[in-house]
Amino acid sequence: MANQLLSTVAYRDSLPEGYARPEHDRPRLADVRTDTNIPLIDLAWPDRHRVIAEIDQACRTYGFFQVINHGISEELQEKVMAVGLEFFRLPPEEKAKLYSDEPSKKIRLSTSFNVRKETVHNWRDYLRLHCHPLEEFVPDWPSNPETFKEVISTYCREVRLLALRLLGAISLGLGLEAEYVEKVLGEQEQHMAVNYYPRCPEPDLTFGLPKHTDPNALTILLMDRHVSGLQVLRDGAQWIAVDRRPNALVINLGDQLQALSNGAYKSVWHRVVVNAAQERLSVASFLCPCNSAVIGPAAKLVGDRQEPVYRSYTYDEYYKRFWSRNLDQEHCLELFRGDARKFA
């Protein structure tokens, strides 16, 4: 119900029931480190081979990177963040019109992650939008704020162009044809999550989102320039904080690129922590294979007399399996490993 939305209340003095994590599953914020070597890639660098090599290295080692000179103006980024924040500050009765906890609904305002299934909630409200083709979905997007449709649709178009450009570079980095990944993924869907993380009275007890990987192919994240919250797991052991570089976008590899690369590229484990002093907004854009796309390791990346790391599957099969689980369970790709005995 819409009264579950955190953004309907200006501030809470304590965590409501159902948000505190068990002791072993808390952020342990004092243990988080910074990493000055997080890849920052200039897409305007004249040496394209160098750009492709840097993207390839980042995908193999970190599973994410930041990009600058990506073609999306700082002015548009600021407009997106401003209209997103304006939306979450609308009166409760206005937001209630869009509320749904049905994961399959293509335009919905909700809270946490999957309130129908989870036992502990996350300190997040979010607006989920399907974005491609725009002419199909924009008419049903929020009309309040007045500029919402115009600003967000403009951003969606530019993000899609950037994502397809990055997929081409990723294909080349793997030693494949530039169009390979895009062709395999088919006519990709595009989703957006406008995430709102209110001030939290006890940020050491809960998450904005717990540890997870993204089930899609590629995620482009526009982060709040004033408040950090994204953290990624480095080498399977150390959480590192990701601070937004000026005018940069964060690129996360999703599970489908790990599968297509036969495990050479990493779908990064990441989480979101919350803040006691300031609210925070982020905008995540997801490029997703079409449901009928058959995903599996590229034949060129599987050595002679070797078995592929992952079996082939449709994206529809994968996505349904992902949503049937809790967000922070084992990596969903583990259920699709190539050992056929596991699926007997």
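Remember, predicted model here, so these are calculated numbers, not experimental data.

Engineer: For this particular structure, what's the right way to read the packing of helix H1 (residues 48-61) against helix H5 (residues 148-173)?
Structural biologist: A pair of packed helices can be characterised by two numbers: the angle between their axes and the separation between those axes. At a closest axis distance of 9 Å, the pairing of H1 and H5 adopts a crossing angle of 80°. Considering the angle they form, H1 stands roughly perpendicular to H5. Packed against H1, whose contacting residues are Arg 48, Ile 52, Ile 55, Asp 56, Cys 59 and Arg 60, the element H5 presents Leu 166, Ala 169, Ile 170, Leu 172 and Gly 173 at the interface. In terms of residue class, the contact of H1 with H5 is made up of seven nonpolar, one polar and three charged.

Engineer: Is there a simple way to think about the packing of helix H2 (residues 74-88) against H5 in this case?
Structural biologist: For the pair H2 and H5, interaxial distance at closest approach is 10 Å and the crossing angle is 135°. With respect to their mutual orientation, H2 and H5 come out oblique. The two elements H2 and H5 meet at a crossing, and its hand is left-handed. Here H2 contributes Leu 76, Lys 79, Val 80 and Val 83 to the contact with H5, which in turn contributes Phe 148, Val 151, Ile 152, Thr 154, Tyr 155 and Glu 158. Considering only residue class, the contact of H2 with H5 consists of seven nonpolar, one polar and two charged.

Engineer: Sorry, what's going on with the nonpolar core here?
Structural biologist: If you look at soluble globular proteins, the nonpolar side chains tend to sit buried side by side. In this structure, Ile 55, Trp 141, Tyr 155 and Leu 218 are the most contacted members of the largest nonpolar core, which totals 89 residues. In terms of residue count, the dominant contributor to this core is H5 (12 residues). The contacts of Leu 218, once residues within four sequence positions are left out, are Ala 163, Leu 166, Leu 167, Ile 170, Ile 251, Asn 252, Leu 253, Gly 254, Leu 257, Ser 285, Phe 286 and Leu 287. Core analysis: the next-biggest nonpolar cluster, separate from the first, contains 16 residues, Phe 64, Leu 230, Val 232 and Ile 240 among them.

Engineer: Sorry if this is basic, but what is going on with the sheet that holds strand S7 (residues 209-212) here?
Structural biologist: Pairing between the strands of a sheet comes from backbone hydrogen bonds, and it takes one of two forms, parallel or antiparallel. With mixed pairing, the five strands of this open sheet are ordered in space as S1-S10-S9-S12-S7. Among the strands making up the open sheet, the edge pair consists of strand S1 (33-34) and S7. The sheet contact formed by strand S9 (residues 230-234) and strand S10 (residues 238-241) spans four bridges and is antiparallel. In the sheet register, Val 232 faces S10, and the bridge partner there is Ile 240.

Analysis parameters
Residues numbered from 1 in each chain as written. Predicted model: local features only at pLDDT ≥ 70, side-chain atom pairs only at ≥ 80, totals over all residues. Heavy atoms only, no water. Axes fitted to C-alpha atoms, helices over the stretch in contact; angles between N-to-C directions. Helix = DSSP H or I, 4+ residues; strand = E, 2+ residues; numbered from the N terminus. Parallel < 35°, antiparallel > 145°, perpendicular 65-115°, else oblique. Contact = heavy atoms within 4.5 Å. Nonpolar A, V, L, I, M, F, W, Y, C, P; charged D, E, K, R; others polar. Left-handed = near helix turned anticlockwise from the far one by under 90°. Core = buried A, V, L, I, M, F, W, Y, C linked by side-chain atoms within 4.5 Å. Buried < 20%, exposed > 50% of the residue type's maximum accessible area, 1.4 Å probe, protein only. Pairing = 2+ DSSP bridges.

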